[in-house]
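Structural description and commentary
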Amino acid sequence: QVQLVESGGGLVQAGGSLRLSCAASGIILNINDMGWYRQAPGKQRELVAVISSGGSTNYADSVKGRFTISRDNAKNTVYLQMNSLKPEDTAVYYCNANIMTIVAVRNRYWGQGTQVTVSS
């Protein structure tokens, strides 16, 4: 089995910073793209940022210049550094990864989510 475990969420004032981490564990052979999504109350889940296995990145327009996604392939971990946070960044943040297991099955996996709350 595969598990994604997120950490780093919390409460921060507007203008502050948080760093999210997501570690993948289990019967992993390799991981392609990894990303972060978020879902605010009453809204659909949306892509925040994604990073390929080679390090190419893509960001939602709303976070460009403020958020940075990175990964440590040796640790099967993806990070999201969030700076200049705004109240509209408040949401549950979910980690997502495209993983090939050692039994040659590829699936997209989700973490359990971590709450980020930005106060004004």
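Residues numbered from 1 in each chain as written. Predicted model: local features only at pLDDT ≥ 70, side-chain atom pairs only at ≥ 80, totals over all residues. Heavy atoms only, no water.

**Describing the overall build of the protein**
For the protein, the helix and strand inventory stands at zero helices and eleven strands. Along the protein, helices and strands appear, N-terminal first, in the series β-β-β-β-β-β-β-β-β-β-β. Its C-alpha radius of gyration of 14 Å places the protein within 12% of the 14 Å reference for a compact globule of 120 residues. Along the first, second and third principal axes, the C-alpha atoms of the protein reach 50 × 25 × 20 Å. Within the span of the protein, comprising 120 residues, buried residues form 42% of the whole. Taking the contacts inside the protein whose residues are at least 6 apart along the sequence as the reference set, 56% of them involve residues at least 24 apart. In the protein, which carries 11 positive and 7 negative side-chain charges, the distance between the mean positions of the two groups comes to 3 Å. (Helix = DSSP H or I, 4+ residues; strand = E, 2+ residues; numbered from the N terminus. Rg over C-alpha atoms; globule rule 2.2 N^0.38 Å. Buried < 20%, exposed > 50% of the residue type's maximum accessible area, 1.4 Å probe, protein only. Contact = heavy atoms within 4.5 Å. Lys, Arg positive; Asp, Glu negative; His and termini not counted. Charge placed at Lys NZ, Arg CZ, Asp CG, Glu CD.)

**A closer look at a nonpolar patch on the surface**
There is a patch of nonpolar side chains on the surface, built from I27, L29, I102, V103 and V105 and spanning about 440 Å² of accessible area. Relative to the helices and strands, I27 is located in the loop between β3 (18-26) and β4 (28-39). Judged by its relative accessible area of 30%, I27 is partly exposed. (Patch = residues over 30% accessible without salt bridge, like charges linked within 9 Å, V, L, I, M, F, W, Y side chains within 5 Å. Areas by Shrake-Rupley, 256 points an atom, 1.4 Å probe, with all protein chains shown as cover. Salt bridge = Lys/Arg side-chain N within 4 Å of Asp/Glu carboxyl O.)

**A few points about the pairing of β3**
On any regular strand, side chains alternate: one points to one face of the sheet, the next to the other face. By the bridge criterion, six bridges tie strand β1 (residues 2-7) to β3 in an arrangement that is antiparallel. Across the sheet, the residue bridging to S7 is S21, located in β3. Here β3 pairs with strand β8 (residues 77-82) via six bridges, running antiparallel. From the neighbouring strand, L20 faces β8, where its bridge partner is L80. (Pairing = 2+ DSSP bridges.)

**Here we look at the pairing of strand β5 (residues 46-51)**
Where β4 lies against β5, five bridges are found, and the strand directions are antiparallel. Directly across from R38, in β5, lies its bridge partner E46. Between β4 and β5, which pair antiparallel in sequence order, lie six residues; one of them, G42, sits at a positive phi of approximately 80 degrees. By the bridge criterion, three bridges tie β5 to strand β6 (residues 57-59) in an arrangement that is antiparallel. Directly across from A49, in β6, lies its bridge partner Y59. Adjacent in sequence and paired antiparallel, β5 and β6 are bridged by five residues, among which G55 carries a positive phi angle near 100 degrees.

**Points about the packing of aromatic side chains**
Applying the stated criterion across every chain yields a total of two aromatic pairs. For the ring pair Y37 and W110, a centre distance of 5.0 Å and an interplane angle of 65 degrees mean the geometry is edge-to-face. Residue Y37 is found in strand β4, and its partner W110 is found in strand β10 (residues 106-110); the two are separated by 73 residues along the sequence. The class for Y37 is partly exposed, based on a relative accessible area of 22%. On the accessibility criterion, W110 (38% relative accessible area) is partly exposed. Measuring from ring centre to ring centre gives 6.5 Å for Y94 and W110, while their planes differ by 85 degrees; the resulting arrangement is edge-to-face. Of the two residues, Y94 sits in strand β9 (residues 91-101) while W110 sits in strand β10, which places them 16 residues apart along the sequence. Exposure remark for Y94: the relative accessible area of 14% places this residue in the buried category. Among the aromatic residues, those joined into a ring-pair cluster are Y37, Y94 and W110. (Phe/Tyr/Trp six-rings, centres within 6.5 Å; stacked < 30°, edge-to-face > 60°.)

That's the geometry; what it means functionally is another story.
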